Each structure stands twice: as structure tokens, then as C-alpha cells.
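# Breakdown of the fold
Given next are the chains, with one letter for each unit.
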2 protein chains.
Amino acid sequence: MKYILFDIDDTLFPSSEFSTLARKNAINAMIGMGMLGDSGTLMARLAMIIEKKGSNYGRHFDDLCRQAGVKEPARYTAAAIAAYHDTKTAIQPFPKVPLTLLRLKEAGYRLYVATNGNAVKQWDKLIRLRLALYFDAVFVSEEMGRSKSPAFYRKVLKTLGARADECMMVGDREDADISPAKKVGITTVRVLAGKHSGVPTQADHTVKDISGLFRILEQL
Amino acid sequence: MKYILFDIDDTLFPSSEFSTLARKNAINAMIGMGMLGDSGTLMARLAMIIEKKGSNYGRHFDDLCRQAGVKEPARYTAAAIAAYHDTKTAIQPFPKVPLTLLRLKEAGYRLYVATNGNAVKQWDKLIRLRLALYFDAVFVSEEMGRSKSPAFYRKVLKTLGARADECMMVGDREDADISPAKKVGITTVRVLAGKHSGVPTQADHTVKDISGLFRILEQL
């Protein structure tokens, strides 16, 4: 084993927790600016908008203002976005992540990120987590021209000049991290964290957090 | 005098200072991620890009990466944007501003903001400065359909249902805050702060900071 690929969200940091907190803080900021309605009702409405439009839709708060029929939406939208981003910018890695990455580097492993999403947004997370420098490269679906699939992982292997049996993929999602990587012969490790942690897995190994990798690597 | 209109940038907070600091922090963050070049040279290049493309152009850092010929721009752009926004989100009002606004409210004046720019961005500043609640409404050029001009100020007067002689406009810029407001008969107060402070003025009054308004209002 030489190359270890990591997902970011709910693998390196508790993304689900921070998203919930960011939304709560955003709603509270809108109320602080004079928006009518209680926190619980507005949270429920926001959740419906997010479910309908997807989490990458950029105008959740505008839609919430429109539903509430407010006259000056910029005031509330600005308050919500500010509070949302302030929470998101305070993201912290899972506690054992920084030390684990450092020890893996010391042990000679080459570390990479393989993630779905927008390149600048995903780099932003790595930078705010103070983890960016541990990784030799970051493979982002946007730049790779496809989301995480067998083709995505084959392209990663080709770029690294690596064989599948030299690679390990570590992530929380069965659909994006485990299943397609396993299909091309990469060793897979499922991190049981975040909102997808209840989904059944066919991963080669499971861990509670990435510090569990040492035990797995010793046994290979 | 009943209605007082305020500009935001370099009137309520030292916008010029924060912009310079934000750019320096952005360049330093790019260097921290491995960007080649020294801080001074990169700052000079960035200044040239901003001068050429305007400060509202959204891809200054991408251009800087392209000029430098870096291979993985997302890494550096993400670092720059994060540091830039972190600095901007820490904006503080000029020291006497919060107390002055509170005293003006106590004295019965109606306070408004009249500003060029994007509505959400300008509200964002007021919210981060913790000043948003002092203002009864915010007139932003984007929502008014025109930048600050005699027509802009006439529209403000109409919306307020106010006569020009009941209004005062307070701002740092001769071109946007003083000259067009004066043309429609609004009393004008020039704040001598920020990078435009050397521009000659035809304002009715000048102040070093907005706490000087009390002296002016007493004499009216």
C-alpha cells in the first residue's frame, strides 16, 4: 500500500454537524434582523427548500424570504449568509485527523484527496481545516469531468501512475467512496460517521475514525 | 433637519484600510500554500489587475494565478479568497460611529443609508459592523436602478416623503455623496477619511468623523 485517498466531508471533519449548526445560526440571524416566525418553523421550511432544490442550490435564503413574503429580502439574506459562512469558516477536523495524517506522512504514505464538488470550495475546506499541506494532490469531480465513479477512480490511478492494489480509498459514503473504488480493485475503508453512517457497507474495512487506518495498514 | 442619510465605506468604517489588509492577507495565504514570488511583487501585480478590471470584478485571484502560470489554481485561489473574506468579515466601525448613531436616534432623527453597490453586500457590511438596526431603510443603487446621482437622491426624497431641506447626506466621496445630493438641495456633510480624503469639496460642512454631526446639527 502506497497511496491513500481520502474523502473530505464526514471523513476529515463532521460536515453534517456543521451544516445543521450553520443553518440554525443563519435562521437566528434573520430573526435578529426582524424576520417574523420562530426558529423551529423557519428551520423546517428551509429544510424543505434544501430538499427540493439540492444543497448546492445557491439561493435557499432568498426562497425562504419569498415564502415569508418579506419586503426587503437583502437585509435578511445578508444576515443569513453572514451567519452561515461564519459557522462554516469555523470548521474543525475530527480530533484525531491531523495527527493521523502526519503519522501517515512520516510512515512514507502518499496522501491524496478524492472528492465530489467544486474545486475552490473543497480546497477552501482543506485550507480552513489546516490540512491542505498534507496532500500531494486533490482530485475533485469538477476538474476530473465526472463525479466519483469507476471511471473517476481509473483516471486517478492513471494520473498517479499507480496500480489499484497500491491504493486505498477512505470515505463515509457507500455510493461515492466505497462501491465505485472497490469495482476498480482499490482497497476500501468506510468511515462510519455522519448522516450516511447507517447505510450498509461492502467495504473491505470499517473504522470509526481515520486513526483506525494504522491497525488496517499493519495487517495488509 | 429630520432625515440623515449615510454612506457606508470610509464613512461608517475604514473601508480603504481593510481592503489593503485583506489583499495582503490573501497574498500571504497564497504564499503559504506554496505560491512562488514575494509578497511585494504579488501585491503590485494584484493592484494592476484590480486597477484594470475594477474592484467589483470577481476573479482577481484567478487572474493572478494565470499570470504566474501555476498549474493547480484552485488551491491558491481558495487560500486567497478565504484569507480575504476572513479579513473583511472582521470589519469594525470607526470608533465613534456606534455611539453617534445611538445618540442621533435618541435625539429623534431618522437614519438611513444611501450607498452604491450590491444590496446583499452592503447589508452584509452593516450587519458585520453591528449597525444594521440603527437604520430605518437602506437605499442601494442596485435596487434603486441607478448609481448615486441627482435622480437617485430625488427618488430617495420621494420614497421618504421628505423635502430636501429636511435631509442631510453624510459621506466621504465628492462625486457620489456630496455633489449630486447638493444639486437637489440636500444639506451635505463630507467625512474627510479614506483614500478620497484629499479631493476638494463643495460640501456645506466637513467633519473628521461623524461625531462632528452634533456640532453641525446644533447650529442649523
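Right above here is the structure, for reference.
Let us now look at helix α2 (residues 39-53) of chain A. Residue and element names in this part refer to chain A. The end-to-end C-alpha distance of α2 is 21 Å, a good match for the 21 Å that 15 residues give at a rise of 1.5 Å each. Looking at α2, one finds that the buried residues are Leu42, Leu46, Ile49 and Ile50. All buried residues of α2 project into a common sector of 95° when viewed along the axis, lining one side. In α2, those exposed residues whose orientation departs by more than 90 degrees from the buried face are Met48, Glu51 and Lys52. As for α2, its buried residues are in contact with α1 (15-32) and α3 (60-68). Measuring from the side-chain oxygen of the N-cap residue of α2 to the backbone nitrogen of Gly40 gives 3.3 Å; that N-cap residue is Asp38.

Before going further, it helps to examine the sheet that holds strand β1 (residues 3-6) of chain B. Residue and element names in this part refer to chain B. In space, the six strands of this open sheet follow the order β3-β2-β1-β4-β5-β6, with parallel pairing throughout. In this open sheet, the two edge strands, each paired with only one partner strand, are β3 (137-140) and β6 (205-207). When strand polarity is set aside, the average angle formed by the axes of neighbouring strands in this sheet is 25°. Note that strand β4 (residues 167-171) and strand β5 (residues 187-191) share four bridges and pair parallel. Residue pairing in the sheet places Met168 in a bridge with Thr187 of β5. Along the sheet, helix α9 (residues 174-183) makes contact with β4 and β5, crossing β5 at roughly 165°.

Now for the interface of chain B and chain A. At the interface, 25 residues of chain B touch 24 residues of chain A. Of the roughly 1800 Å² buried at the junction of chain B and chain A (both faces included), carbon and sulfur atoms supply 64%. One salt bridge in this structure joins Asp86 of chain B and Arg128 of chain A, with 3.1 Å as the shortest N-O distance. Applying the counting criterion to the chain B and chain A interface returns four residue pairs in polar contact (both at pLDDT 80 or more). Sorting elements by how many residues they give to the side of chain B that touches chain A places helix α4 (residues 73-88) of chain B first, with eight residues.

Conventions we followed
Residues numbered from 1 in each chain as written. Chains lettered and ligands numbered in written order. Predicted model: local features only at pLDDT ≥ 70, side-chain atom pairs only at ≥ 80, totals over all residues. Heavy atoms only, no water. Helix = DSSP H or I, 4+ residues; strand = E, 2+ residues; numbered from the N terminus. Expected span 1.5 Å × (residues − 1). Buried < 20%, exposed > 50% of the residue type's maximum accessible area, 1.4 Å probe, protein only. Arc of directions from axis to C-beta. Contact = heavy atoms within 4.5 Å. Polar contact = N/O pair within 3.5 Å; in protein donor to acceptor, adjacent residues only side chain to side chain. Pairing = 2+ DSSP bridges. Axes fitted to C-alpha atoms, helices over the stretch in contact; angles between N-to-C directions. Buried area = accessible area lost by both parts, 1.4 Å probe. Salt bridge = Lys/Arg side-chain N within 4 Å of Asp/Glu carboxyl O.

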